[in-house]
Amino acid sequence: MAKIFTIGQEKASLDQFLAKLCQELISLLVDIRSIPWSRRPEFSGTGLSQNLEAAKIHDLHLKALGNPAEGRIAAKSGDRREYHRIFLAHLQTAAVQEALVKVRKYAKTQIPCLLCYERYAEHCHRSLVTAALKSQEIPNLQIIDLVRGTLL
């Protein structure tokens, strides 16, 4: 059975974050933020990579799976309908489809976890990314949110 996990770093301490990843034996953290930046250096680009390396977790940034600028603007303004419309259109692009193929490929040999900022997947574009993954042909795929500990 293939498993893909998701996690949001909002309000998490680095120790809590790494403990959750290690508890589930995550071997690859897939950063799906458009820009792998955080006000908290331990969750930003190089800082995150160094912390993951120390925990023996590989990381990969798939910018194509990030929310495009216009989607982020709509989300920040509270226009969920427009945000969803923009991101669903973005999901149809060749770059996104190629990135989804990569995630599916990694799920066959590793235990990947999709990372974004928002604590809860339902408030984040990663719920739309996981819905796209679930709609594709992956036998017995389970997608599990590490924050809530529930299937998506």
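As a reminder, the structure under discussion sits directly above these lines.
The paragraphs below set out a description of the structure included in this document. (Residues numbered from 1 in each chain as written. Predicted model: local features only at pLDDT ≥ 70, side-chain atom pairs only at ≥ 80, totals over all residues. Heavy atoms only, no water.)

**Focus on the overall build of the protein**
Turning to step 1, where the next piece is worked out: Looking only at helices and strands, the protein has six helices and six strands in total.
Turning to step 2, where the next piece is worked out: Put simply, the protein runs from its N terminus to its C terminus through helices and strands in the order β-α-β-α-β-α-α-α-β-α-β-β.
Turning to step 3, where the next piece is worked out: Over its C-alpha trace the protein gives a radius of gyration of 14 Å, about what one expects of a compact globule, namely 15 Å for 152 residues.
Turning to step 4, where the next piece is worked out: Taken along the three principal axes of its C-alpha coordinates, the protein extends 40 × 40 × 25 Å.
Turning to step 5, where the next piece is worked out: If you take every contact in the protein between residues at least 6 apart in sequence, the share linking residues at least 24 apart comes to 74%. (Helix = DSSP H or I, 4+ residues; strand = E, 2+ residues; numbered from the N terminus. Rg over C-alpha atoms; globule rule 2.2 N^0.38 Å. Contact = heavy atoms within 4.5 Å.)

**A short note on the pairing of strand β1 (residues 3–8)**
Turning to step 1, where the next piece is worked out: Counting buried positions along β1 gives five out of six residues, so the element sits mostly inside the fold.
Turning to step 2, where the next piece is worked out: Where β1 lies against strand β5 (residues 142–145), four bridges are found, and the strand directions are parallel. Opposite Phe5, over in β5, you have Ile144 as the bridge partner.
Turning to step 3, where the next piece is worked out: The pairing of β1 with strand β4 (residues 112–116) spans four bridges and is parallel. (Buried < 20%, exposed > 50% of the residue type's maximum accessible area, 1.4 Å probe, protein only. Pairing = 2+ DSSP bridges.)

**Here's the deal with the pattern of salt bridges**
Turning to step 1, where the next piece is worked out: Going through the model one piece at a time under the given rule, you end up with five salt bridges.
Turning to step 2, where the next piece is worked out: The closest approach of N and O atoms between Asp31 and Arg33, which form a salt bridge, is 2.7 Å. We note that Asp31, like Arg33, is buried.
Turning to step 3, where the next piece is worked out: Measuring nitrogen to oxygen at the nearest pair gives 2.4 Å for the salt bridge that ties Arg148 to Glu122. (Salt bridge = Lys/Arg side-chain N within 4 Å of Asp/Glu carboxyl O.)

**Regarding the pairing of strand β3 (residues 58–61)**
Turning to step 1, where the next piece is worked out: In terms of strand pairing, strand β2 (residues 28–31) meets β3 through four bridges, oriented parallel. For Leu28, the partnering residue across the bridge sits in β3 and is His58.
Turning to step 2, where the next piece is worked out: Tracing the backbone out of β2, into helix α2 (residues 45–54) and back to the parallel element β3 gives a crossover that is right-handed. (Right-handed = clockwise from strand over helix to strand, strands pointing away.)

**Side note on the nonpolar core**
Turning to step 1, where the next piece is worked out: In terms of nonpolar packing, the biggest core is built from 26 residues, with Ile4, Leu65, Leu114, Val129 and Leu133 touching the most fellow members.
Turning to step 2, where the next piece is worked out: Taken together, the elements giving at least two residues each to this core come down to β2, α4 (80–90), α5 (94–109), β4 and α6 (126–134).
Turning to step 3, where the next piece is worked out: A total of five residues in this core trace back to one element, the largest contributor, which is α5.
Turning to step 4, where the next piece is worked out: Ignoring any residue separated from it by four or fewer positions in sequence, one finds Leu114 in contact with Ile4, Phe5, Thr6, Ile7, Val30, Ile32, Val103, Arg126, Val129, Thr130 and Leu133.
Turning to step 5, where the next piece is worked out: Core analysis: the second largest hydrophobic core is formed by 18 residues, Ile7, Leu18, Leu21 and Leu146 among them. (Core = buried A, V, L, I, M, F, W, Y, C linked by side-chain atoms within 4.5 Å.)

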